[in-house]
Amino acid sequence: MGRPNGGEGIQAPRETPLDGLGRPLHDLRISVTDRCNFRCVYCMPKEVFGRDYPFLPRAMILTFEEIARLAGLFVDLGVEKLRITGGEPLVRRDLPELIGLLAGLRRTGGAPLDLTLTTNGAALRTLARPLRDAGLQRITVSLDSLDDDVFRAMNGVDFPVVRVLDGIAAAGEVGFSPIKVNMVVRRGMNESSVVPMARWAREEGVILRFIEYMDVGHSNGWRLNEVVPAAELVAMIDAAMPLELVPPNYRGEVANRWRYRDGGGEVGVIASVTQAFCGDCTRARLSAEGMLYTCLFAVGGHDVRALLREGRTDAEIREAIRAIWLSRGDRYSELRSAETKDLPRVEMFAMGG
C-alpha cells in the first residue's frame, strides 16, 4: 500500500535511531482526539474539565491522511508498534478509516505492524466489528472496578460497569484475542477491587494489568500516599492466587508480568512510580494536534504538524523526527523527586497517555 508523501518517489533506507541513552524508537502512541466521554478522577476530573472546557478545534487536529503519513515516516525510522489513543479514541468519527490506512503500513521485510488501540470500552459494542474488519489487531480496555458504585465514581459520568463489560464481550465475539484490561489503582478508591478484578480476568481469559496512580499533568490532585505500590498489589493477589514472575516479551515492555502458578493466566503491573523503567523506554507520543512528545511526563513537545502543513518533504520530516529522538534524554520516573514535582507537565489526555 502506498502512503501520502511529500512528492518523493523513493523511500529512504530504514534505520532505527538511538537516543542519548541508547534507547531505540520502536513504539508510537497516536492520539486521535483530546476529547473523552468519561471524566476519570485520575486523568480528566470533572471539576477541571467541565462542559465549557476549551478542547481543540477541528482545524488543529491532524487529519487521518496526516496521521497515516507521519506513521509511515516513524515506521521508516524503526517503529514496529502503533497504539491508537486519546482522550477516548472511539469518539473520533470514522475511526475505522484511519485503522484501515495504518493497517496497510509494513515493517522492513514486509511484516505488518503491531496495531492496537486503548479505549474505555463505552462504544465497543458498536465499533468492535468495524475496527476488526479494518485491520486492528489488538485492543486494551480501561476498567477500574467491577463494583458499579466504585466504577461510576471513578469514571466521573456515572457510566455503568455492565456496559463496559458488554463492550469487552463484543471485542471477544469479533475475534480480538488476547484482550487486555488496564486498571489504575488509587488508594482510598478502588484497592478493594484488585483481587475481584484478578479473579474475573482469570475466569474471562483476559490479561489484566494494574497501573500505579501516576503524577501525569497537574489536574488529578496526585499525592504519593495515594499510590498503591506494585509490590503491594502483587502481594494482595499472590495471597489469594499464588504468582511467579516471568520475563518480559520484548525490550521496553512496560508491565512486569506475573503468571499464576497453577497455569491459569497472568497479570501485569505497570510500576512507573515505584519501579521506574525509563532505561528501556522505546516510546514516542504523537498528540491529536501533531505535537511529538518523547516522555509521558514531558514539559513540552515538538510541532510536527507545522512541518506537514508547511509542505515539507518526507525526507525533511523524517530527519526532523530523527533529530528529536537522537537528542532525547528523558528519564522522569528515575528522577522523580521534590525537584520535579512543580515542572509544567502536559496533561495525559492531551498527549495520548
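Residues numbered from 1 in each chain as written. Predicted model: local features only at pLDDT ≥ 70, side-chain atom pairs only at ≥ 80, totals over all residues. Heavy atoms only, no water.

### Side note on the pattern of salt bridges
Opposite charge on two side chains permits pairing when their charged atoms draw close. The line we're drawing: One side-chain nitrogen of Lys or Arg within 4 Å of one carboxyl oxygen of Asp or Glu is enough to make a salt bridge. The secondary structure listing takes helices from DSSP runs of H or I that are at least 4 residues long and strands from runs of E that are at least 2 residues long, numbered from the N terminus. Only protein chains enter the area calculation, which uses a 1.4 Å probe; residues under 20% of their type maximum are buried, those over 50% are exposed, and those in between are partly exposed.
Overall, the coordinates contain 20 salt bridges when judged by the stated rule. Where Arg 318 meets Asp 76, a salt bridge forms, and the shortest distance between an N and an O atom there is 2.8 Å. Of this pair, Arg 318 sits in helix α9 (residues 314-326) while Asp 76 sits in helix α1 (residues 64-76); the two residues are 242 residues apart in sequence, bridging distant segments of the chain. Of the two residues, Arg 318 and Asp 76, both sit in the buried class. The salt bridge partner of Arg 322 is Glu 319, with a shortest N-O separation of 3.1 Å. With Arg 322 and Glu 319 both in helix α9 and three residues apart, the pair spans about one turn of that helix. Looking at Glu 319, the relative accessible area reads 40%, which means it is partly exposed.

### Examining unusual backbone geometry
Cis peptide bonds are those with omega within 30 degrees of zero, and the linkage from Gly 86 to Gly 87 qualifies with 25 degrees. The residue Gly 87 is located in the loop between β2 (81-85) and α2 (95-103) in this model. Following Ser 177, the chain continues into Pro 178 via a peptide bond in cis, with omega recorded as -5 degrees. Along the chain, the position of Pro 178 falls in the loop between α5 (161-173) and β5 (180-185). In this structure, Asp 94 is a non-glycine residue whose phi angle is positive, near 60 degrees. Mapped onto the fold, Asp 94 is located in the loop between β2 and α2. Its relative accessible area of 42% is what places Asp 94 among the partly exposed residues.

### So, the nonpolar core
How we decide: Within this scheme, the nonpolar core is defined by two criteria: the residues are buried Ala, Val, Leu, Ile, Met, Phe, Trp, Tyr or Cys, and they are joined through side-chain atoms within 4.5 Å. Residue contacts are defined here by distance: any two heavy atoms, one from each residue, within 4.5 Å place the two residues in contact.
Counting residues in hydrophobic clusters, the biggest one holds 104 residues, and the most contacted among them are Ile 30, Leu 82, Leu 95, Leu 102, Leu 143, Leu 208 and Phe 210. Of all the elements, α1 adds the most residues to this core, at eight residues. Residues contacting Leu 208, with those up to four places away along its chain left out, are Val 181, Met 183, Met 197, Ala 198, Ala 201, Glu 266, Val 267 and Gly 268.

### Some words on the sheet that holds strand β10 (residues 283-286)
We apply this condition: Strands were regarded as paired on the criterion that DSSP finds at least two bridges between them.
A sheet is described by the order of its strands in space; here twelve strands give the open sequence β7-β8-β9-β6-β5-β4-β3-β2-β1-β10-β11-β12, paired in mixed fashion. The open sheet has two edge strands with one neighbour each: β7 (243-246) and β12 (302-303). Sheet topology places β7 next to strand β8 (residues 256-260); four bridges connect them, and they run antiparallel. Note on β8: the bridge partner recorded for Leu 243 is Tyr 260.

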